[in-house]
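# Reading the structure
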Amino acid sequence: MRSFRDLPEMDFLRSEKMSCVQLIIPAETAHRAITYLGELGIIQFKDLNADKSPFQRTFVNQVKRCAEMSRKLRFFKDQISKAGVLSSGHPPMQNNIDLEELESQLAEHETELLEMNANSEKLRQTYNELLEFKLVVQKAGGFLVSAQSHTSAEETELDENIYAKEDYGENACLLEKEMQPQPPSTAGLRFISGIICKPNALRFERMLFRATRGNMLFKQSPADVKVMDTVSTEMVEKTIFVVFFSGEQARSKILKICEAFGANCYPVPEDITKQRQITREVVSRLSELDATLDAGLRHRNQALSSIGFHLQQWTLMVRREKAVYDKLNMLNFDVTKKCLVGEGWCPFSAKPQIQEALQRATFDSNSQVGTIFHVMDAFESPPTYFRTNRLTNAYQEIVDAYGVARYQEANPAVYSIITFPFLFAVMFGDWGHGICLLLGAFLLIGREKKLGSQKLGSFMEMAFGGRYVILLMAIFSIYCGLIYNEFFSVPFHIFGPSAYRCRDPTCSDAHTVGLVKVQEPYPFGVDPSWRGSRSELPFLNSLKMKMSILFGVAQMNLGIMLSYFNAKIFGSSLDIRYQFVPQMIFLNSLFGYLALLIVIKWCTGSQADLYHVMIYMFLSPTDDLGENQLFWGQRPFQIILLLLAIVAVPWMLFPKPFILRKLHSERFQGRTYGILGTSEGDLDIEPDSARQKHEEFNFGEVFVHQMIHSIEFVLGAVSNTASYLRLWALSLAHSELSTVFYEKLLLLAWGYNNIVIRIVGLTVFAFATAFVLLMMESLSALLHALRLHWVEFQNKFYHGDGYKFIPFSFSLLTDEDD
């Protein structure tokens, strides 16, 4: 017996006992003390400066510096990611580096990187302009040469017939002026060449045509290579163009349109020799710039690699420093005594560890004054803290999604570890599908370390977080599938031969002839001979429906019993006498009695109609039961249960509000007294005794609240029991849908003597099973099991109005905290 007394308390059944503590830390020790507490991660600080803005706090400048360093580190990370630089090896730990030295290093690296980026951008822009200039010279020069050769072939005819006329200069159109053999400067014909993005070329041409009223000639040709766009900095396809026009006014319009469309214009000489000379110079200049850009890129990558070598360590250091100063800003700063005063919550069992960390901080800081640590009284309710592991954490998260448990309230996650996967399996019972889930759970658990260090998608992250939930759901699904005797809807003689045979020894069709019992019942689960018989559906419907009611009544009784233990923990005898007792009486007088009748009918093999029994229990309780009588004295027993259920309703409703009003009036008339706590040592005996502020008593509000609670329980007892019938409905739907897939896909395809049809049928059956049954049906069963726990089970005892214990811990810091 002594060994059992030495066992630690089961913290998971109820939240850990918490202590409200106060810290008085000397200023020279504060930073190191908070750092050691952050490494320990077992104390949650209160914000004693909640009335101050972030800019009015003591360490706001240090927080700003850390935020600025975090910005620089994010800038380095983005630059490394864009450059695709990978750092090799692990950086050496720089224990001697302080925040000021790190700040100067980051500033130097940022200045160097910004300068390199600016120089690289200028060189890249120059390279891009020269590349565009080369393309324009090559393409536009071709346009000019073709135009000049076309002009020389027709100049004789034009001289004789058109140019000799006196009024030619006034009436000639732009195309005729272009074909005139005179130089463009003397004839008034000009051109502008440039380059534009290919998607804008058509709109650009239309705009030029409208602006010049058609008095222009537009020629274009696609560039041979992609060119970087100056706006989006992406490689895009571009088009080289040449616009021939006449007049200074048209030139001004064309240049404005080029600017609006983001087209870059470049001058191109008409002389072929000059064009070739310019091309050679541009190509030479491009090769020099290319070599310069490559050298600059190598130098930049070396700098980024050097930064990336220490980036993770620097990020962790800055993140920790920022978290420390954020917590220091939550403490009160006493200027006269040169100390900081903080308050917080910690588990009762963690106080020795905190004291040891504070003593170590005092020693390492060479402080002459130690840190004062003592337990204090608190008016507010303590936070809720459960110690979880990899298995229980997922179930605790499921419960916390509904609401965090009130301090010292019974934890539903303890019971959900078994009841949640079991109720899921009742709806998903098929040991073939359960094996598929089990393989998926083993895959997630086997790759736990690898997947835990990666960033997963939303669906995979949810599946990985609930890998142990899936494991238990798979195990229970195999168990329930063996009870239902279903393997992808196919029954098997696993536990021996069937207890039934055909009525006629020569028969071969059990559907039409029927079955007779010839030996003892099947030892485990449903007899495989029920599958395909005429009475299969009525038998399984009756079995699963009654089984669902039994499970529902059992779980609701468990919830009411947990409300009793909550009342014992909180010392509320009123809740036990006027809430727990009438609730147990009401629920079991009606639906507990129904569950009893189901068990008796199964054990005796009676043919009584339970619907008739329950209905006439209310309508005609004194009538003779006849064939529906299951045991001796059933009629008077039903009358007693009915009277108890009727009495339980006012028992829940009236006594508690009037007793509370009487206690309240006696308290303020001086007829009752409370013990005044004068010493702080009382909390060592009862560390969870938080003094509650007595609010003004309002009898009307209390009575209405009790009336709502009573009506909700009475109506909920009916609706919640009916809600458990979803176990029967979803189990039947899963079984029938699995049967349809097996018979209408697999067996139908297997009936053809064709390998292609069989492979197609098997493939369709596999995909239907995977996506419809294993994914959609499992998700549906998961959501219904979740609903049964949140509503039908937890509303009997669980308030869920607490708040989580979130300790200050460096291990809990994330990228969002930067």
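Residues numbered from 1 in each chain as written. Predicted model: local features only at pLDDT ≥ 70, side-chain atom pairs only at ≥ 80, totals over all residues. Heavy atoms only, no water.

## With respect to the overall build of the protein
What counts here: Helix and strand assignments follow DSSP, with helices taken as H or I runs no shorter than four residues and strands as E runs no shorter than two, numbered in order from the N terminus. Residue exposure (1.4 Å probe, protein chains only): buried if accessible area is under 20% of the type maximum, exposed if over 50%, otherwise partly exposed. Any pair of residues with heavy atoms lying within 4.5 Å of one another is described as a contacting pair. The Shrake-Rupley method, run with a 1.4 Å probe, gives the accessible areas here. Residue values count only the displayed protein chains as cover.
The helix and strand tally for the protein stands at 27 helices and 13 strands. Sorting the 818 residues of the protein into buried and exposed places 43% on the buried side. By sequence separation, contacts in the protein at least 24 residues apart represent 80% of the contacts at least 6 residues apart. Carbon and sulfur atoms make up 59% of the accessible area of the protein, which totals about 45700 Å².

## Notes on the sheet that holds strand β8 (residues 264–265)
How we decide: Note on pairing: two strands pair once DSSP finds at least 2 bridges between them. Convention adopted: a line fitted to C-alpha atoms gives each axis, helices being fitted over their contacting stretch, and angles between N-to-C directions are expressed from 0 to 180 degrees.
Taken in spatial order, the four strands make up an open sheet running β4-β7-β3-β8, and their pairing is antiparallel. What marks the edges here is a single partner per strand, and that holds for β4 (217–222) and β8. As judged from the two bridges shared by strand β3 (residues 189–197) and β8, these two strands associate in the antiparallel manner. Opposite G194, over in β8, you have C265 as the bridge partner. The strands that helix α8 (residues 201–211) touches are β3, β4 and β7 (238–246); relative to β4, the one it contacts most, it runs at about 170 degrees. Most of the contacts of helix α9 (residues 248–260) go to β7, to which it runs at about 160 degrees, and overall it touches β3, β7 and β8.

## Some details on the environment of F765
Relative to the assigned elements, F765 resides in helix α27 (residues 755–793). As for F765 and L747, which are separated by 18 residues in sequence, their C-alpha atoms are 9.8 Å apart. Excluding anything up to four places from it in sequence, F765 contacts F741, Y742, L745 and L746.

## Digging into the packing of helix α2 (residues 27–40) against helix α11 (residues 351–364)
Condition: Two helices that cross are described as forming a left-handed crossing if the nearer one is turned anticlockwise from the farther one by less than a right angle, and a right-handed crossing if clockwise. In this classification, the charged set is Asp, Glu, Lys and Arg, the nonpolar set is Ala, Val, Leu, Ile, Met, Phe, Trp, Tyr, Cys and Pro, and all remaining amino acids, among them Gly, are polar.
At a closest axis distance of 9 Å, the pairing of α2 and α11 adopts a crossing angle of 145 degrees. Two packed elements cross with a definite hand, and for α2 against α11 that hand is right-handed. Residues T29, R32, A33, Y36, L37 and L40 of α2 form the contact with α11, whose own contacting residues are Q353, I354, A357, L358, R360, A361, T362 and D364. Class assignment for the residues of the contact of α2 with α11 results in eight nonpolar, three polar and three charged.

## A few points about the confidence of the model for the protein
Condition: pLDDT expresses how confident the predictor is about each individual residue, on a scale running from 0 to 100.
Across the protein, the average pLDDT comes to 83, with 86% of residues at 70 or higher. Taking the mean pLDDT of every element in the protein, the minimum, 38, falls on helix α24 (residues 682–685) and the maximum, 95, on helix α13 (residues 413–427). Long-range and interchain partners of residues 1–8, a stretch whose pLDDT sits below 50, account for zero contacts in this model, where long-range means more than four residues apart. Counting contacts from residues 150–187, a segment whose pLDDT is below 50, to residues more than four positions away or on other chains yields 41 contacts.

## Considering the pairing of β7
Judged by how many residues are buried, β7 sits mostly within the fold: eight of nine residues are covered. The sheet contact formed by β3 and β7 spans nine bridges and is antiparallel. When the sheet's bridge partners are listed, I195 is paired in β7 with I240. With six bridges connecting them, β4 and β7 associate as antiparallel partners.

## What to know about a nonpolar patch on the surface
Convention followed: Like-charged residues are merged into a patch within 9 Å and nonpolar side chains (Val, Leu, Ile, Met, Phe, Trp, Tyr) within 5 Å, provided each residue has over 30% relative accessible area and no salt bridge. By definition, a salt bridge exists where a carboxyl oxygen of Asp or Glu is found within 4 Å of a side-chain nitrogen of Lys or Arg.
Among the surface-exposed residues, F459, M460, M462, F767, F771, M775 and M776 lie close enough to one another that they form a single nonpolar patch of about 760 Å² accessible area. The set of elements that each furnish at least two residues to the nonpolar patch consists of α16 (458–465) and α27. Looking at the nonpolar patch element by element, the count peaks at four residues for α27. The exposure class of F767 is partly exposed, given its relative accessible area of 49%.

## Observations regarding the pattern of salt bridges
All told, the structure shown has 21 salt bridges when counted by the stated rule. The salt bridge involving E16 is made with R387; its shortest N-O contact spans 2.2 Å. With E16 in the loop between α1 (2–5) and β1 (18–26) and R387 in the loop between β11 (372–376) and α12 (390–402), this residue pair connects regions lying 371 residues apart in the sequence. A relative accessible area of 40% means that R387 is categorised as partly exposed. Between K804 and E397 there is a salt bridge, with the nearest N and O atoms lying 3.6 Å from each other.

## Observations concerning unusual backbone geometry
Not every positive phi belongs to a glycine, and R213 is a case in point at roughly 55 degrees. Note on R213: relative accessible area 80%, which makes it exposed. One non-glycine residue, S489, adopts positive backbone phi at about 75 degrees. Among the secondary structure elements, S489 is positioned in the loop between α17 (467–484) and β12 (500–502).

## Considering α2
Condition: Here a helix's expected span is defined as the number of its residues, less one, multiplied by 1.5 Å.
Its 14 residues give α2 an end-to-end C-alpha distance of 20 Å, which sits within 8% of 20 Å, the value for a rise of 1.5 Å per residue. Turning to α2, its buried residues number three or more, namely T29, A30, A33, I34, T35, Y36, L37 and G38. Where α2 ends, the next residue or the one after it, G41, has phi of about 70 degrees, a positive value.

## Notes on the packing of aromatic side chains
Put simply, the rule is: Note on aromatic contacts: the rings of Phe and Tyr and the six-membered ring of Trp form a pair at centre separations within 6.5 Å, being stacked when their planes are under 30 degrees apart, edge-to-face when over 60 apart, and tilted otherwise.
Counted under the stated rule, the structure contains 36 aromatic pairs. Taking the centre distance of 6.0 Å and the plane angle of 35 degrees together, the rings of F59 and Y325 count as tilted. Here the residue F59 occupies a position in the loop between β2 (44–45) and α3 (60–83), and Y325 occupies one in helix α10 (residues 272–328), the gap between them amounting to 266 residues. The interplanar angle of 75 degrees and the centroid separation of 5.9 Å between the aromatic rings of F422 and F476 together place this pair among those described as edge-to-face. Of this pair, F422 sits in helix α13 while F476 sits in helix α17, and the two are 54 residues apart along the sequence. Within the aromatic cluster, the residues linked to one another by ring pairs are Y402, W790, F793, F797 and Y798.

## What to know about helix α19 (residues 536–570)
The first and last C-alpha atoms of α19 sit 51 Å apart over 35 residues, in line with the 51 Å expected at 1.5 Å per residue. G571 lies just past α19 and shows a positive phi near 70 degrees.

## Describing the environment of Q519
As a reminder, the rule being used: As used in this structure description, the phrase polar contact means that two N or O atoms lie within 3.5 Å; if the pair is within protein, one of them must be able to donate a hydrogen and the other to accept it, and residues adjacent in sequence are counted only when both atoms belong to side chains.
The topology assignment puts Q519 in the loop between β13 (515–517) and α19. Sequence separation between Q519 and R501 is 18 residues; the distance between their C-alpha atoms is 9.4 Å. Look past the residues within four positions of Q519 in its chain and what remains in contact with it is P497, S498 and A499. Separated by 3.5 Å, the side chain of Q519 and the backbone oxygen of P497 make a polar contact. From its side chain, Q519 meets the backbone oxygen of S498 in a polar contact 2.8 Å long.

## Examining the pairing of strand β10 (residues 339–347)
Where burial is concerned, most of β10 is hidden: nine out of the nine residues are buried. Along β10, one buried face is formed by C339, V341, E343, W345 and P347 and the opposite face, lined by L340, G342, G344 and C346, is buried too. Here β1 runs beside β10; their pairing, made up of nine bridges, is antiparallel. Bridge pairing links L23 to G342 in β10.

## Overview of the side chain of Q22
Among the secondary structure elements, Q22 is positioned in strand β1. Judged by relative accessible area, Q22 falls into the buried class, the value being 16%. In this structure the side chain of Q22 is engaged in a polar contact, spanning 2.6 Å, whose partner is the side chain of H374. When sequence neighbours within four positions are dropped, the list of residues in contact with Q22 reads V341, G342, E343, I372, F373, H374 and M376.

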